[in-house]
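These are the residues of each chain, in order.
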Amino acid sequence: MSDLAVQTQGLTKRFGRVQAVTDVDLRVTEGDRYGFLGPNGSGKTATVRMLLGLVLPTAGRVRVLGGRVPQDAARVLPQVGAMVEGPAAIGHLSGRANLRLLDAAVPTPGGRRTRRRRVEDALEALGLAQVGRRPVRAYSLGMRQRLGIASALVRRPRLLVLDEPTNGLDPQGIALVTDLLLQLSAQGTTLLVSSHLLSEVEHLCTRVGVMDRGHLVVQDDVDALRAPTGRLLVTLAVRDQDDDDGARAAALAGQLLGSRLLESPVPAPDPGAAGVRLVVADAGDVVGDLVRGGLAVREAVVERRTLTDVVLSRTTAVGEGMGA
Amino acid sequence: MRLAALTGVELRKLALRPRTWVSVGLLCALPVVVAAFLGTSELAPRPGQGPAFLSAVLGNGQLYPAAALGIVVPIFLPVAVCVVAGDAIAGEAQAGTLRYLLVRPVGRTRLLVAKLFAVLAFTLGAVVAVALVSFVAGTQLLGTRPDALGTTTASLSGTSLSPQELLVRTLLVMAYVSVSMLGVAALALLLSTLVDSPLVAALGGLALLVASTVLVGLDAASAIHDLLPTRYWLAWVDLFRDPILWTDVRRGVLMQLGWAGVLLAAAWASFTTRDITS
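Residues numbered from 1 in each chain as written. Chains lettered and ligands numbered in written order. Predicted model: local features only at pLDDT ≥ 70, side-chain atom pairs only at ≥ 80, totals over all residues. Heavy atoms only, no water.

A short note on the UniProt feature "transmembrane region" (unreviewed entry) in chain B
Put simply, the rule reads: UniProt positions are given in the numbering used here, feature names are shortened, and annotations may be inferred rather than shown by experiment. In DSSP terms, a helix is any run of H or I states spanning at least four residues, a strand is any run of E spanning at least two, and both are numbered starting from the N terminus.
In this numbering, the UniProt entry assigns the feature "transmembrane region" (unreviewed entry) to residues 21–44, 64–90, 111–137, 166–192, 199–224 and 253–271 of chain B. What you have in residues 64–90 of chain B is 89% helix and 0% strand, and the ends, taken at the C-alpha atoms, are 36 Å apart.

Next comes the structure, spelled out in structure tokens:
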């Protein structure tokens, strides 16, 4: 038994002549908050559908929580909560009635009262407990989205697979869902979250996989991906950057740093204080050398790659919403 | 056990859906309207000229449930059944709820069987509703012959039937009419697993109905008449002969079971191996 929540080997899917997914080896460790990224049409959804047994692979194997999918789906999927490609519910029934019906479709241990309790808990967690008898058809987009997440949570899954969980939510809703996901993660739930919002994934996830044209092109820890670029961003304080003072500081910095100076100094973008901005190779004691040369260093920041940089550099398709 | 739970859920979904009750209501309304016209005008088809059964009904409202089923069998009932059967899987696919049922996970075979049970329950429920409503309409609007109440009713063969025999035969007609819907229902269900549009699936079932009706009326196609699902639909009348003429009824039942068996096997094969992309 592995401690992998999700593992695929050589996962491949062809829809007719369209190659949707090619040779994907996904590895999600239990406890991960895994961000699944990629432009539209990159094969994310087809992969997620194969993990859930909705789409049958052309080749390759899928293991979820130690069982094979689709063969062991009946044993494995009860421990998985999922929202795929948006929420869906019976429009003329209330959110509560929808969750009860769906929960009753597959009997789980515990009596009727336990089941009702769990439905109430899930509605409560997503702020839908007070909605009452209103039919889902009258829900806002955000409420439907929260109902979809509530539905995935009813059985307190070990693995939560969510496609665009904050889609259509207002800022309060996004905060609610993000907090909830972090809380569930702290309690041991493994998260597999696909999203277009890279900044959101950067904050939420510990690990990311990036799909491009059916291939998994990146799979790594967020910390590793956000490695320093080897560049240092230094701001020098000057009396007046429009005066000769700024030009003198820039020239002196150039002498002191030599080839370590990567770009010509420019006036610092900070409007509050006069300064000169330097882009420097992160080698040796840059700050010490500048200070000993008589320059006042106001700020020195190690430049890191952003997830956006990583994703954009590794994906070729121009996806709608990517990097936004 | 798991199948029972899922079937229960499917029946609840059907019962919670306003459309179900509207269609049952419309099914019941047609025989009531016919009864109202017959009762007020007393202008039944003259014996030996119109449909045999309706002329007998005018004299005895207790026969009306069977006659009412005869009224809804050619079009109304199969339309209602096709709409429900066509909606079974395609409706869930169109609404997006199919994927959530399947990842619960509700096994695909189990879901298909539960949907089939729900379609059968709807058919049976509609038939019972039509029979009950038309019994009331028949006895109220058409009246019973003063001398016939509680005594005997004439069969189509001229002999008399006791009230118990009348009840048994009406129940047999209800069962036969329900079974007659199997073929079109199974086709609509098969199409429902193949397409994501409930409308297309329902229309497919109706296309079979129309095609079959046309071909049954075409002598040139007599070679395949015995294979057509509507061929024996009107054989329920034989259940009111004395003694009952079983030949066509038996053929009708076997034919429906044959159609249903083949189409449902195809539905199962398609649904359990299909990619769910809705």
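Structure shown, so let's carry the discussion forward.
Describing the packing of aromatic side chains
Residue and element names in this part refer to chain A. Heads up, the condition is: Side-chain rings of Phe, Tyr and Trp, where Trp is taken by its six-membered ring, are said to pair if the distance between their centres is within 6.5 Å; with planes under 30 degrees apart they count as stacked, over 60 as edge-to-face, and otherwise as tilted. For each residue, the accessible area found with a 1.4 Å probe, counting protein chains only, is set against the maximum for its type, and the residue is called buried under 20%, exposed over 50%, and partly exposed in between.
Applying the stated criterion across every chain yields a total of 1 aromatic pair over all chains. When the centroid spacing of 6.3 Å and the interplanar angle of 50° are considered together, the rings of Y34 and F36 count as tilted. Each member of the pair, Y34 as well as F36, carries the same accessibility label: buried.

Quick word on the layout of surface pockets
Residues and elements named next belong to chain B. Heads up, the condition is: Two kinds of site are reported from a 1 Å grid over the protein atoms alone, namely cavities, where a 1.4 Å probe fits but cannot get out, and pockets, open sets with protein on both sides within 12 Å along at least five of seven lines, and residues are called lining when an atom falls within 4 Å of a point. Grid points are joined across faces, edges and corners, and a volume is the space filled by probe spheres set on the points. The nonpolar class holds Ala, Val, Leu, Ile, Met, Phe, Trp, Tyr, Cys and Pro. Asp, Glu, Lys and Arg form the charged class, and all remaining residues, Gly among them, are polar.
Of the pockets and cavities examined, the largest pocket occupies roughly 520 Å³. If you trace the largest pocket, you find 26 residues lining it, with R17, R19, D87, G91 and E92 closest to the centre. For the lining of the largest pocket, the elements supplying multiple residues, two or more each, are α1 (2–15), α2 (18–41), α5 (76–95) and α7 (108–142). Residue contributions to the lining of the largest pocket peak at 10 residues, all from α5. Here the residues of the lining of the largest pocket are counted per class, giving 12 nonpolar, 7 polar and 7 charged.

A few points about the interface of chain B and chain A
Filter applied, for reference: Note on definitions: a residue-residue contact is assigned when non-hydrogen atoms from the two residues lie within 4.5 Å. By definition, the buried area sums, over both parts, the 1.4 Å-probe accessible area that each loses when the two are put together. Within this document, salt bridges are pairs made up of a side-chain nitrogen of Lys or Arg and a carboxyl oxygen of Asp or Glu, the two lying within 4 Å of each other. Polar contacts here mean pairs of N or O atoms no more than 3.5 Å apart (in protein, one a potential hydrogen donor and the other a potential acceptor; neighbouring residues in sequence count only if both atoms are side-chain atoms).
The partner chain A presents 32 residues to the 28 residues of chain B that form the contact. Counting the surface lost from both chain B and chain A, the interface buries some 2,500 Å², and carbon and sulfur atoms represent 62% of this. Of all residues in chain B, Y100, V103 and R104 of chain B bury the most surface against chain A, accounting for 30% of the area lost on that side. The interface formed by chain B and chain A contains 2 salt bridges. For D103 of chain A, the salt bridge is made with R104 of chain B, and the minimal N-O distance between the two is 3.9 Å. Here chain B is connected to chain A by 15 residue pairs in polar contact (both at pLDDT 80 or more). Of all the secondary-structure elements, those providing two or more residues to the side of chain B that touches chain A are α1 and α6 (97–102) of chain B. Per element, the largest residue contribution to the side of chain B that touches chain A is 6 residues, and it comes from α1 of chain B. Looking at the side of chain B that touches chain A, its residues break down into 13 nonpolar, 6 polar and 9 charged.

Observations regarding helix α4 (residues 112–125) of chain A
All names here are of chain A. Selection criterion: Each helix should span, by expectation, one fewer than its residue count multiplied by 1.5 Å.
Its 14 residues place the ends of α4 20 Å apart at the C-alpha level, agreeing with the 20 Å of an ideal helix rising 1.5 Å per residue. Here α4 has its buried residues at R118, V119, E120, A122 and L123. Considering only its buried residues, α4 is in contact with α3 (95–105) and α5 (141–153).

Some points on the confidence of the model for chain A
Formally: Every residue gets a pLDDT, meaning the predictor's confidence in that residue, from 0 to 100.
Here chain A averages 89 in pLDDT, while 96% of its residues score no lower than 70. Below pLDDT 50 for its whole length, residues 319–324 of chain A participates in 13 contacts with residues either more than four positions away or in separate chains.

Section: the pattern of salt bridges
Side chains bearing opposite charge may pair, as long as their charged atoms lie close to each other. All names here are of chain A. Taken as a whole and assessed by the stated rule, the structure comprises 31 salt bridges over all chains. Residues D285 and R292 are paired through a salt bridge, measuring 3.7 Å at the closest nitrogen-oxygen approach. Residue R292 is classed as exposed on the basis of its relative accessible area of 62%. One network of salt bridges, in which partners are shared, links R260, D285, D289 and R292.

As for helix α11 (residues 307–314) of chain A
All names here are of chain A. Stated formally: What the arc covers is the set of directions going from the helix axis to the C-beta atoms.
For α11, every residue scored as buried is listed here: L307, V310 and V311. The arc enclosing the buried residues of α11, seen along the axis, measures out at 90°, which places them on a common side. Residues of α11 that are buried in the fold lie against β4 (33–37), α7 (198–204), β10 (207–212), β11 (215–221) and α8 (222–225).

Quick notes on the pairing of strand β5 (residues 59–64) of chain A
Residues and elements named next belong to chain A. Note the threshold: For two strands to count as paired, DSSP must find a minimum of two bridges between them.
Across 5 bridges, strand β1 (residues 4–15) lies against β5 in antiparallel orientation. Paired with Q7 across the bridge in β5 is R63. Across 2 bridges, β5 lies against strand β6 (residues 67–68) in antiparallel orientation. Residue pairing for β6: V64 is matched across the bridge by G67.

A look at the domain arrangement of chain A
Threshold: Bear in mind that the domain bounds are from an automatic or database domain assignment.
When the domains of chain A are assigned, the result is domain 1 (4–225) and domain 2 (229–304). Here the C-alpha centroids of domain 1 of chain A and domain 2 of chain A sit 47 Å apart.

Some points on the packing of α3 of chain A against α5 of chain A
Residue and element names in this part refer to chain A. The cut-off we apply is this: Each axis is a line fitted through C-alpha atoms, taken for helices only over the stretch in contact, and angles between the N-to-C directions span 0 to 180 degrees. By the definition adopted for this analysis, an angle is roughly parallel if under 35 degrees, roughly antiparallel if over 145, roughly perpendicular if from 65 to 115, and oblique otherwise. Two helices that cross are described as forming a left-handed crossing if the nearer one is turned anticlockwise from the farther one by less than a right angle, and a right-handed crossing if clockwise.
Where α3 meets α5, the axes come as close as 10 Å, and the angle between the chain directions of the two elements is 30°. Considering the angle they form, α3 stands roughly parallel to α5. In this structure, the crossing between α3 and α5 has a hand that is right-handed. Contacts from G95, L99 and L102 of α3 reach α5 at L147, A150 and S151. Of the residues belonging to the contact of α3 with α5, the class tally is 4 nonpolar, 2 polar and no charged.

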